[in-house]
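Notes for the structure review
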Amino acid sequence: MGGVALRRNLVLFGPPGSGKGTQAELLRERYELDHIAPGDMLRQHLSQGTELGQMASGYMAAGKLVPDEVIVNMIRHRLEEGRADAGFVLDGFPRTVAQARALQELLTNLDRPLDIVLVLDVPVSALKARLTLRAGQEQRQDDRPEVIEERLRVYRERTEPVLEYLAGDVPVLHIDGSSSIEEVGRELLSLLQ
Ligand code: ADP
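Scope of this entry: the structure provided in the associated data block.

**Let's talk about the nonpolar core**
- Ranked by internal contacts, the top residues of the largest apolar core, which has 28 residues, are Phe13, Leu79, Leu114 and Val117.
- If one sorts the elements of this core by residue count, helix 4 (residues 68–81) sits on top with five residues.
- The residues touching Phe13, leaving out its near neighbours within four places in the chain, are Lys20, Pro94, Val117, Leu118, Val119, Leu120, Tyr155, Thr159, Val162 and Leu163.
- Leu10, Tyr31, Leu120 and Leu188 belong to the second largest nonpolar core, which has 16 residues in total.

This is the structure:
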């Protein structure tokens, strides 16, 4: 596996627990894409105790979104620092319509437009089961039941509308994200052939 460069700019979209992080890693390995995940970046800031991490921690622990301006700046720097010759997969961004607008403007300026949005669809009951299971395996403070509810509510209210916004500019493809990691991975790869 690995080694096939694919200069494509993707958004991997889906609710918390839909498997974005896992599948984005697969795409990174397979196609040498730059994997850009604000959630991972924020957790790194948190563990290093940076000012940004301290500022974001309360929002994250409560399942709320970190303010757009903070996230957009972080992603801008990350895209500007990253390899301009590689494609990228965005995982967990954009999560609001304002972030999507900022992203489109940023990518236009960098001359690296989005090629495709891939959506992992998973029923809410399965999401809750997965996130609850993960709570027992990983030390994530946002996998407590009431915080899971809040993250799903935020997804429905603030993040889902992003799809409609992006669909005006970019092809949006839906994938059944409820099957096994391997099956979802196969389907994703087949869509990118
Ligand atoms: P999940 O997709 O499972 O919710 P993430 O690791 O993507 O997990 O995000 C964890 C938390 O980090 C979010 O609940 C939120 O507080 C913050 N976060 C991540 N991405 C964004 C974003 N694009 N905008 C605002 N906050 C974000």
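Further notes follow.
**What about the packing of helix 4 against helix 5 (residues 97–110)?**
- Helix 5 packs onto helix 4 with a crossing angle of 25° between their chain directions and a minimal axis gap of 10 Å. One finds that helix 4 runs roughly parallel with respect to helix 5. Our pair here, helix 4 against helix 5, has a crossing hand that is right-handed. Two secondary-structure elements touch here, helix 4 through Asp68, Ile71, Val72, Arg76, Leu79 and Glu80 and helix 5 through Ala98, Gln99, Ala102, Leu103, Leu106, Leu107 and Leu110.
- Class assignment of the residues belonging to the contact of helix 4 with helix 5 gives a composition of nine nonpolar, one polar and three charged.

**So, the packing of helix 1 (residues 20–31) against helix 8 (residues 181–191)**
- The geometry of helix 1 relative to helix 8 is characterised by a closest axis approach of 10 Å and an angle of 50° between their N-to-C directions. The angle between helix 1 and helix 8 falls in the class oblique. Considering the relative orientation of helix 1 and helix 8, their crossing is right-handed. Residue-level inspection shows Thr22, Gln23, Leu26, Leu27, Arg30 and Tyr31 of helix 1 in contact with helix 8, the latter providing Ile181, Val184, Gly185, Leu188 and Leu189.
- In terms of residue class, the contact of helix 1 with helix 8 is made up of seven nonpolar, three polar and one charged.

**Section: the pairing of strand 3 (residues 88–91)**
- Of the two faces of strand 3, the one holding Phe88 and Leu90 and the one holding Val89 and Asp91 are both buried throughout.
- Judged from the three bridges that link them, strand 2 (residues 34–36) and strand 3 form a sheet pairing that is parallel. Pairing of His35 across the sheet is with Val89, part of strand 3.

The rules we used
Residues numbered from 1 in each chain as written. Predicted model: local features only at pLDDT ≥ 70, side-chain atom pairs only at ≥ 80, totals over all residues. Heavy atoms only, no water. Core = buried A, V, L, I, M, F, W, Y, C linked by side-chain atoms within 4.5 Å. Buried < 20%, exposed > 50% of the residue type's maximum accessible area, 1.4 Å probe, protein only. Helix = DSSP H or I, 4+ residues; strand = E, 2+ residues; numbered from the N terminus. Contact = heavy atoms within 4.5 Å. Axes fitted to C-alpha atoms, helices over the stretch in contact; angles between N-to-C directions. Parallel < 35°, antiparallel > 145°, perpendicular 65-115°, else oblique. Left-handed = near helix turned anticlockwise from the far one by under 90°. Nonpolar A, V, L, I, M, F, W, Y, C, P; charged D, E, K, R; others polar. Pairing = 2+ DSSP bridges.

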